[in-house]
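Here's the letter readout for the chains.
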Amino acid sequence: MSVNVTAIKVDNGVNVEALLEARAALTDAPEGARFKWRATCAWVRGTHSRSTVQGFYGLGAEQSRKKTFHYDADHPEIFAAEDNGATPVEYVLVALASCLTAGIAAVAQNRNIQLRSVKATLEGSMDMQGILGIDSDVRNGFDDIKVTFYVDADATQAEIAALVAQSQRRSAVFDIITNPTNVRVDIAR
Amino acid sequence: MKAPQRIRAPRAVDAVVVGAGHSGLAMSFVLAELGVEHVVLERGEIASSWRHERWDSLRLLTPNWQSRLPGHRYTGPDPDGYMTAAETADFIADYARRISAPVRTGTTVRAVRAADAGYVVETDRATWRCRAVVLACGAHGVPVVPAFAARLPRHVRTLTAKEYRNPAGLDPGRVLVVGASATGLQLADEIRRSGRPVMLAVGEHIRMPRLYRGHDIQWWLEAVGILDERYDEIDDIVRARRVPSPQLVGSPERRTLDLNSLAEHDVEIVGRLVGLDGSRLLFSGSLANHCAMADLKLDRLLGRIDAWVTEQGMNDVVAPPERFAPTRVETKPRLTLDLAKERVDTIIWATGFRPDYSWLELPVLDAKGRLRHDGGVVGHGLYTLGLNFMRRRKSSYIHGAEDDVRELGAHLVQHLRGARPRCSAVEPTESERQRPRSCAWNLL
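Residues numbered from 1 in each chain as written. Chains lettered and ligands numbered in written order. Predicted model: local features only at pLDDT ≥ 70, side-chain atom pairs only at ≥ 80, totals over all residues. Heavy atoms only, no water.

Enquirer: Mind laying out the overall build of chain A, listing which residues take part and the relevant values?
Expert: Per the secondary structure count, chain A includes 4 helices and 7 strands. Walking chain A from its N terminus toward its C terminus, one meets helices and strands in the order α-β-β-β-β-β-α-β-β-α-α. Evaluated residue by residue, chain A yields a buried proportion of 25% over its 189 residues. A fraction of 51% describes how many contacts in chain A between residues 6 or more apart in sequence connect residues 24 or more apart. Put simply, chain A shows about 13400 Å² of open surface, and 55% of that area lies on carbon and sulfur atoms. Positive and negative charge centroids in chain A, built from 19 and 23 side chains respectively, lie 8 Å apart. (Helix = DSSP H or I, 4+ residues; strand = E, 2+ residues; numbered from the N terminus. Buried < 20%, exposed > 50% of the residue type's maximum accessible area, 1.4 Å probe, protein only. Contact = heavy atoms within 4.5 Å. Areas by Shrake-Rupley, 256 points an atom, 1.4 Å probe, with all protein chains shown as cover. Lys, Arg positive; Asp, Glu negative; His and termini not counted. Charge placed at Lys NZ, Arg CZ, Asp CG, Glu CD.)

Enquirer: Break down the overall build of chain B for me, citing the residues and quoting the values.
Expert: In terms of helices and strands, chain B carries 10 helices and 24 strands. Relative to the 2.2 N^0.38 estimate, which gives 22 Å for 444 residues, the radius of gyration of chain B is 23 Å and therefore close to what a compact globule would have. A principal-axis box enclosing the C-alpha atoms of chain B has dimensions of 70 × 60 × 40 Å. Expressed as a percentage of its 444 residues, the buried residues of chain B come to 57%. (Rg over C-alpha atoms; globule rule 2.2 N^0.38 Å.)

Enquirer: Give a description of helix α8 (residues 287–311) of chain B that names residues and reports values.
Expert: Here α8 of chain B contains 25 residues, and its C-alpha end-to-end distance of 36 Å stays within 8% of the 36 Å for a straight helix at 1.5 Å per residue. The first or second residue beyond α8 of chain B is Gly313 of chain B, which carries a positive phi of 65°. (Expected span 1.5 Å × (residues − 1).)

Enquirer: For the packing of aromatic side chains, give the residues involved together with the corresponding values.
Expert: Residue and element names in this part refer to chain B. Summed over all chains, the structure comprises 10 aromatic pairs over all chains. Between Trp219 and Trp220, the aromatic rings sit 4.9 Å apart at their centres with planes inclined by 80°, giving edge-to-face as the arrangement. Classification of Trp219 by relative accessible area gives partly exposed; the value is 26%. On the accessibility criterion, Trp220 (0% relative accessible area) is buried. (Phe/Tyr/Trp six-rings, centres within 6.5 Å; stacked < 30°, edge-to-face > 60°.)

Enquirer: Help me get a handle on the sheet that holds strand β11 (residues 157–160) of chain B, residues and values and all.
Expert: All names here are of chain B. Across the sheet, which stays open at both edges, the 5 strands sit in the order β11-β20-β12-β13-β16 with parallel pairing between neighbours. Two strands lie at the open edges of the sheet, namely β11 and β16 (268–271), each paired on one side alone. The sheet shows a mean angle of 20° between the axes of neighbouring strands, taken without regard to direction. Note that β11 and strand β20 (residues 346–349) share 4 bridges and pair parallel. Note that in β20 the partner of Leu159 across the bridge is Ile348. Taken strand by strand, helix α4 (residues 182–193) contacts β12 (175–178), β13 (198–202) and β20, and its axis lies near 170° from that of β13. (Pairing = 2+ DSSP bridges. Axes fitted to C-alpha atoms, helices over the stretch in contact; angles between N-to-C directions.)

Enquirer: So, the sheet that holds strand β5 (residues 103–104) of chain B: which residues are in play, and what are the values?
Expert: All names here are of chain B. Strand order in the open sheet formed by 6 strands is β5-β2-β1-β9-β24-β23, and the pairing between neighbours is mixed. Pairing within the sheet leaves two strands with one partner each, and these edge strands are β5 and β23 (377–379). Where strand β9 (residues 132–135) and strand β24 (residues 382–384) come together, 3 bridges link them in parallel fashion. Among the inter-strand pairings, Val134 is bridged to a residue of β24, identified as Tyr383. Of the strands in this sheet, β1 (15–18), β9, β23 and β24 are in contact with helix α9 (residues 401–416), which crosses β24 at around 170°.

Enquirer: For the interface of chain A and chain B, give the residues involved together with the corresponding values.
Expert: Accessible area lost upon the coming together of the parts is a frequently used measure of interface size. If you look at the interface, chain A gives 16 residues, while chain B gives 18 residues. Remark: the boundary between chain A and chain B carries 3 salt bridges. Here Lys332 of chain B ties to Asp143 of chain A by a salt bridge, and the two come within 3.9 Å at their closest N and O atoms. At the junction of chain A and chain B, the tally comes to 6 residue pairs in polar contact (both at pLDDT 80 or more). Taken together, the elements giving at least two residues each to the side of chain A that touches chain B come down to α3 (157–169) and α4 (172–178) of chain A. (Salt bridge = Lys/Arg side-chain N within 4 Å of Asp/Glu carboxyl O. Polar contact = N/O pair within 3.5 Å; in protein donor to acceptor, adjacent residues only side chain to side chain.)

Enquirer: Give me unusual backbone geometry: which residues, what numbers.
Expert: The phi dihedral of Leu59 of chain A falls on the positive side, at around 55°, and the residue is not glycine. The residue Leu59 of chain A is located in the loop between β3 (56–58) and β4 (61–63) in this model.

Enquirer: So what's going on with the confidence of the model for chain B? Which residues, and what values?
Expert: Residue and element names in this part refer to chain B. With 92% of its residues at a pLDDT of 70 or more, chain B shows a mean pLDDT of 91. Considering only residues more than four positions removed or in separate chains, one finds that residues 4–8, a stretch of pLDDT under 50, has 8 contacts. Scoring of the predicted complex yields 0.86 for pTM and 0.74 for ipTM. (pLDDT = per-residue confidence, 0-100.)

Enquirer: Tell me about the packing of helix α2 (residues 88–110) of chain A against α3 of chain A, residues and numbers included.
Expert: All names here are of chain A. Put simply, α2 and α3 touch, their axes get as near as 8 Å, and they point 120° apart. Considered as vectors, α2 and α3 are oriented oblique to each other. As for the relative orientation of α2 and α3, their crossing is right-handed in sense. Between α2 and α3, the residues in contact are Leu100, Gly103, Ile104, Val107 and Ala108 and Leu163, Val164, Gln166, Ser167 and Gln168, respectively. Tallied by class, the residues present in the contact of α2 with α3 amount to 6 nonpolar, 4 polar and no charged. (Parallel < 35°, antiparallel > 145°, perpendicular 65-115°, else oblique. Left-handed = near helix turned anticlockwise from the far one by under 90°. Nonpolar A, V, L, I, M, F, W, Y, C, P; charged D, E, K, R; others polar.)

Enquirer: Provide a residue-level description of the pattern of salt bridges, including the pertinent values.
Expert: Pairing between side chains becomes possible if they bear opposite charge and their charged atoms approach one another. All names here are of chain B. Following the criterion strictly, the structure yields 44 salt bridges over all chains and no others. Close ionic contact of Asp116 with Arg129 constitutes a salt bridge, the shortest N to O distance being 3.6 Å. Taken together, the residues Asp116 in the loop between β6 (109–115) and β7 (118–123) and Arg129 in strand β8 (residues 127–130) connect sequence positions 13 residues apart. Among the ionic pairs, Asp277 bridges to Arg280, the shortest N-O distance being 3.0 Å. Of the residues examined, Arg280 reaches a relative accessible area of 31% and is grouped as partly exposed. Within this structure, Asp228, Arg391, Arg392, Lys394, Asp403, Asp404 and Glu407 form a network of salt bridges that share partners.

Enquirer: Could you give an account of the packing of α3 of chain A against α8 of chain B, naming the residues involved and the relevant values?
Expert: At a minimum axis separation of 10 Å, α3 of chain A and α8 of chain B run at an interaxial angle of 140°. When the axis of α3 of chain A is compared with that of α8 of chain B, the two are oblique. Handedness of the α3 of chain A/α8 of chain B crossing: left-handed. Along its contact with α3 of chain A, which presents Ala158, Ala161, Ala162, Ala165, Gln166, Gln168 and Arg169 of chain A, the element α8 of chain B presents Asn289, Met293, Leu296 and Arg300 of chain B. Across the contact of α3 of chain A with α8 of chain B, the residue classes break down as 6 nonpolar, 3 polar and 2 charged.

Structural data, given as structure tokens:
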């Protein structure tokens, strides 16, 4: 058995230098920090729809990806639907989970913490009396979201707790869910 | 050391200090020591804001023994007590008398602008020409209040922490206190004790016990060196400067004030107030995370104190380490409050302050209206004092003024002598350089 005394470089696959450079560059040029994220959606049939994600606007220009992503959304059969995809509210959980997980990886890289595995389970509870119009005092959306992270990393429990806390502090989706946002829905003519 | 003497028209001095609070007077003391001819201009009386802009029960967050300024210190009978606002004003006024500071009271500065080789300071009385200006007018000029406050229903009375005096001045119904700094917690506590129902909206905050291991927490912060951490040693100074004041209260019984103790007295703790939708106030769902972060930071701070105690071999002479119960957050804190349905008589904004620079006719503010400065050096011969974490973590405290005014005073003299001091002119001392970078309570 040999003892390796050289420091092992932490690699979570996150290019923190690039992120920090981008932060510095955008501090000096705040207009480049104005991004617009986009999706399109087309009704298929029943409650089934297909959404598409391709381009976005950022760094002062239109940006496009190498690939186009498609997402089918539908409702389960107990709603008399065909179950062609996750329900829209499940996409919200997916968005929250992936945003927090990406945040944990980036923060861990920045703090020199090697991650071995990060897993999360999410549960959003909802009272269907809201969307079914049975009780107007019940809200439509989630009344509670529970996220549990299982993190295996070269770090103390307190450091892991700090990672998870900081990922919430810097998460776009956490902010979108916890704080109100103006939403305007127009009809194109 | 004598500054160069020049023949000048009347109302010309080498330096003008704006504001006769503790930091302006401390600078005056140092300038006098250095032989710099100067005046201190004060809109009201000395320590004006301590007499007229504080609530009745306010006491300093720092113990009396820590109340010290260059050439002056607390010598009263109660070193472990906490001064009231009036006692603080007296302490500062005594200082002004004792050092014979050249203060012009009742003199409001209307404008500061650049003039050849210096500045012109225009007041409601006279105009001064000078080669250096020190902005010591405090960080608490203008209360920061969210824009939607203007859209609140008329039956809700709103007050800033500057306007609030005592519970008796409030209507009898429910009070919403917005902000979880020392101010927000203290107001929520005393208003609740007056019998009124109270809600407290809580965002990012700093939790601290009053006493730890037998000493005032301020004693530990000073002893461990946390208060001396410099602005140029901190990883994210912009963030560190935004940190709200720690949740402390200076009470005769030296009690700890935190969200748990408020909850025990039936103060309803809700998330950060983020908006108004029609008549509904909206609170963030991030309360649990904000509390978890504050608990983690507190544990790190206490861990750092414990490590220092061990390093100093002091474990036998101080009380044993202690950890505090995590902040209890209700499973489902409320997210909305409909002002049309639920009665709220008063909203108090304990949401912080920003300095008032409306009279500063110089290109020294950033896009957000904040003063650009490098450790208090704003520009050639232009300085500021007393801002949060300006040069050190203690910069905004009374006892934090001395190191800052000594360094900036020396910088100012160099400027008057015509030397072009480097912008961050005052280098860290060797011991400061050797101290490891740290992240006590501002950084996760």
